[in-house]
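Chain residues, written in single-letter form:
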Amino acid sequence: MEIHPATLEQFSATEHRFVPVRDLLAAVVRRKLRAGQDLFPDIFGLSFEKRRIVEVLATGRGVILTGRYGVAKTDLAKHVLTLLNEACAASPLFAVERCPIQEDPAILAAHRAGKKTGCQAAPCPICTHMLDDARDDCSHIVLTRLSRLEEGRGFARVQGGGDVLPEEIVGTYNLLKLAQIGDPFDPRVFEPGKIGQANRGLLFVDEIGKLPETAQHALIQAGQEGIVTPSKSRQTFPVDFLLVATTNPRDEEYLCGAVRDRLVSISIPLVGLEDEMRIAAKEAAKLKPQVYIPQLFLRLMVETVRALRADEPLELGPRASINAALIARSSAMLEGRRVASFCDAKEGMYTAILGKAFFEDKADVERRIDGVFPDIGAYLKRHLAGIDLAEIVIVFRQTHGPRAIWSAAGLRSLPASAAADACAAWCRAHEPAGRTSCAAIMAEYLAAYEKGSEGCGCRG
Ligand SMILES: Nc1ncnc2c1ncn2[C@@H]1O[C@H](COP(=O)(O)OP(=O)(O)O)[C@@H](O)[C@H]1O
Ligand SMILES: [Mg+2]
Ligand SMILES: [Zn+2]
């Protein structure tokens, strides 16, 4: 088992060197690319954008992800944190335990040995003070292993809004605590702010355009100069972090010049139909009990959302498709069904889209959905081309009678036929159904086919 240094004294005798966060990220990205792994496996599509994000971050520059609501800007930023955490797990990182900005002991060790590190700034003043107190024996400066970056320690998130004060970002000296404690170098006196919390890791600024200009400047300065000066203080702290910001295109005009100049903007587009289906299915599959949404119903919902997307005021981003899938899932789940029906899908789609319309526009929007919503019989026939659905319906009725309800068992008990074989083959090729049986899925398609859009009676 590897033995980790527990104190600065032990650390000084090891080979650990200061590694900037950008290099840490670069190392993990290189490893994954060499192994042929996807950098962000849970993000579908966007292959160029994913690559560009890490390319820019590996230069040490910050990125600003621009794109409309729901295109995974926030999710991409969270995945950068996942990558950094993989790096942390792979190569041990240490921090000075009592340091409010989790200072890298390598910086202190180098400072103590009179050497320069890649980090130009002087070490953290609180740590320097500990060093001065320790004189020659640093065995009282205790280290911890940073095995994960988590909120407050190697990761911080700023939510853009007009009321964010610069001192929330740069930190502050708490003068009240100073009066109580009396020692300006006591770590409790310094409140590190978002930048100090993000030191050694990632600072995520959501909706940066909504921040007041003073706060935007505070961010840029720290990112650029590698130091932060807390308010009410003359001390500076060295910081090293990756900056990922996001903005909606509408707020781009509120980005101050320095932000535009220093951050590299990457636009995140909407993904294609197939990827949007995967996104909606992924979100619905997170919920238990699981309900399977047959691919053609999912496609129908996502296609309808996309057909109405050009309607600007509705703002139908990928979240509308996700919501449609979630509501369809609920509709089936509430009735104890494990496979969503056509009615569930219809319910999900109408509710999700109408849910984005203003009260007085709802009737009009509903008419527009009706307008793009296809006839389900024709739709299934088109997508299940080569399968004689009408033939299966006839055999089913002959076998089970006119009132029988479509079910997997009912389908399985039909005599073997070319049509049934074609169904099974289609399912295997197109439905990532996991444990859901093809017969259960086909039963839903056939029920919808037989009744048609009007016959299902789920919407007036
Ligand atoms: N390309 C994608 N791949 C996987 N999930 C996505 C993708 N685009 C959007 N999502 C999902 O859609 C939801 C909204 O994404 P989010 O990152 O919050 O969007 P934004 O911050 O751009 O508004 C999240 O659940 C996210 O996982
Ligand atoms: Mg977001
Ligand atoms: Zn420190």
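Not measured: the values here are computed from a predicted model.

Thresholds, definitions, all that
- Residues numbered from 1 in each chain as written.
- Chains lettered and ligands numbered in written order.
- Predicted model: local features only at pLDDT ≥ 70, side-chain atom pairs only at ≥ 80, totals over all residues.
- Helix = DSSP H or I, 4+ residues; strand = E, 2+ residues; numbered from the N terminus.
- Rg over C-alpha atoms; globule rule 2.2 N^0.38 Å.
- Buried ≥ 20, exposed ≤ 12 C-beta atoms within 10 Å, placed from the backbone.
- Contact = placed C-beta atoms within 7 Å.
- Pairing = 2+ DSSP bridges.
- Near = placed C-beta within 6 Å.
- Domains from an automatic or database assignment.
- Axes fitted to C-alpha atoms, helices over the stretch in contact; angles between N-to-C directions.
- Left-handed = near helix turned anticlockwise from the far one by under 90°.
- Nonpolar A, V, L, I, M, F, W, Y, C, P; charged D, E, K, R; others polar.
- Arc of directions from axis to C-beta.
- Parallel < 35°, antiparallel > 145°, perpendicular 65-115°, else oblique.

Visitor: I would appreciate a short explanation of the overall build of the protein in the present structure.
Guide: Within the protein, the regular secondary structure consists of 21 helices and twelve strands. Here the C-alpha radius of gyration of the protein, 29 Å, is well above what a compact globule of 460 residues would show, namely 23 Å. Expressed as lengths along the three principal axes of its C-alpha atoms, the size of the protein is roughly 95 × 55 × 40 Å. Counting across all 460 residues of the protein, residues that qualify as buried make up 40%. Within the protein, contacts between residues at least 6 apart in sequence are counted, and of these 77% link residues at least 24 apart.

Visitor: Please clarify how the pairing of strand β1 (residues 63-66) should be interpreted in this entry.
Guide: If a strand is regular, its side chains alternate between the two faces of the sheet. Here β1 shows a buried face lined by Val 63 and Leu 65 and a second buried face lined by Ile 64 and Thr 66. Direction of pairing for β1 relative to strand β11 (residues 242-247): parallel, over a ladder of four bridges. Considered in β11, the bridge of Thr 66 is made with Thr 247. Taken together, the four bridges between β1 and strand β12 (residues 264-267) define a ladder with parallel strand orientation. Directly across from Val 63, in β12, lies its bridge partner Val 264.

Visitor: Before we go on, may I ask you to explain the site of ligand 1 in this structure?
Guide: Close to ligand 1 lie 21 residues, the nearest being Phe 44, Ala 72, Lys 73, Thr 74 and Asp 75. Of all elements in the fold, only α4 (73-90), α12 (273-285) and α14 (318-334) reach the threshold of two or more residues within the shell around ligand 1. Each of domain 1 (8-267) and domain 2 (273-455) contributes no fewer than three residues to the shell around ligand 1.

Visitor: What exactly am I supposed to notice about the domain arrangement of the protein here?
Guide: Reports often express the size of an interface as the amount of accessible area lost when the parts come together. Assigned domains within the protein: domain 1 (8-267) and domain 2 (273-455). Distance from the C-alpha centre of domain 1 to the C-alpha centre of domain 2: 46 Å. If you look at the interface, domain 1 gives six residues, while domain 2 gives seven residues.

Visitor: Can you walk me through the sheet that holds strand β5 (residues 154-159) in this structure?
Guide: Strands belonging to one sheet form pairs held by backbone hydrogen bonds; the direction of such a pair is parallel or antiparallel. Ordered in space as β4-β5-β8-β11-β1-β12, the six strands form an open sheet in which the pairing is parallel. Each of the sheet's edge strands pairs with one partner strand only, and the pair in question is β4 (150-151) and β12. Together, β1, β11 and β12 form the strand contacts of helix α3 (residues 47-57), whose direction differs from that of β12 by roughly 170°.

Visitor: What should I look at first to understand the packing of α12 against helix α13 (residues 295-307) in this one?
Guide: Between two packed helices, what matters for the description is the angle formed by their axes and the separation of those axes. With their axes 10 Å apart at the nearest point, α12 and α13 run at an angle of 115° to one another. Judged by the twist between their axes, the crossing of α12 over α13 is right-handed. Residues Leu 273, Glu 276, Met 277, Ala 280 and Ala 281 of α12 lie in contact with α13, whose contacting residues are Leu 298, Arg 299, Val 302, Glu 303 and Arg 306. Looking at the contact of α12 with α13 residue by residue, the classes come out as six nonpolar, no polar and four charged.

Visitor: Mind showing me how you'd approach helix α6 (residues 125-134) here?
Guide: Side chains of residues three or four places apart in an α-helix project in the same direction, reflecting 3.6 residues per turn. Those residues of α6 lying buried are Ile 126, Cys 127 and Met 130. An end-on view of α6 places all buried positions within 100° of arc, on one side of the element. As for α6, its buried residues are in contact with β2 (94-96), α5 (105-112) and β7 (190-191). In the stretch just after α6, Arg 135 is the one whose phi turns positive, near 50°.

Visitor: Can you walk me through the packing of α14 against helix α15 (residues 342-354) in this structure?
Guide: Packing of α14 against α15 brings their axes to within 7 Å, and their N-to-C directions diverge by 135°. Taken together, the axes of α14 and α15 lie oblique to each other. Handedness of the α14/α15 crossing: right-handed. Only Asp 344, Ala 345, Glu 347, Gly 348, Met 349, Thr 351, Ala 352 and Ile 353 of α15 make contact with α14, whose side of the interface consists of Ala 320, Asn 323, Ala 324, Ala 325, Ile 327, Ala 328, Ser 331 and Ala 332.

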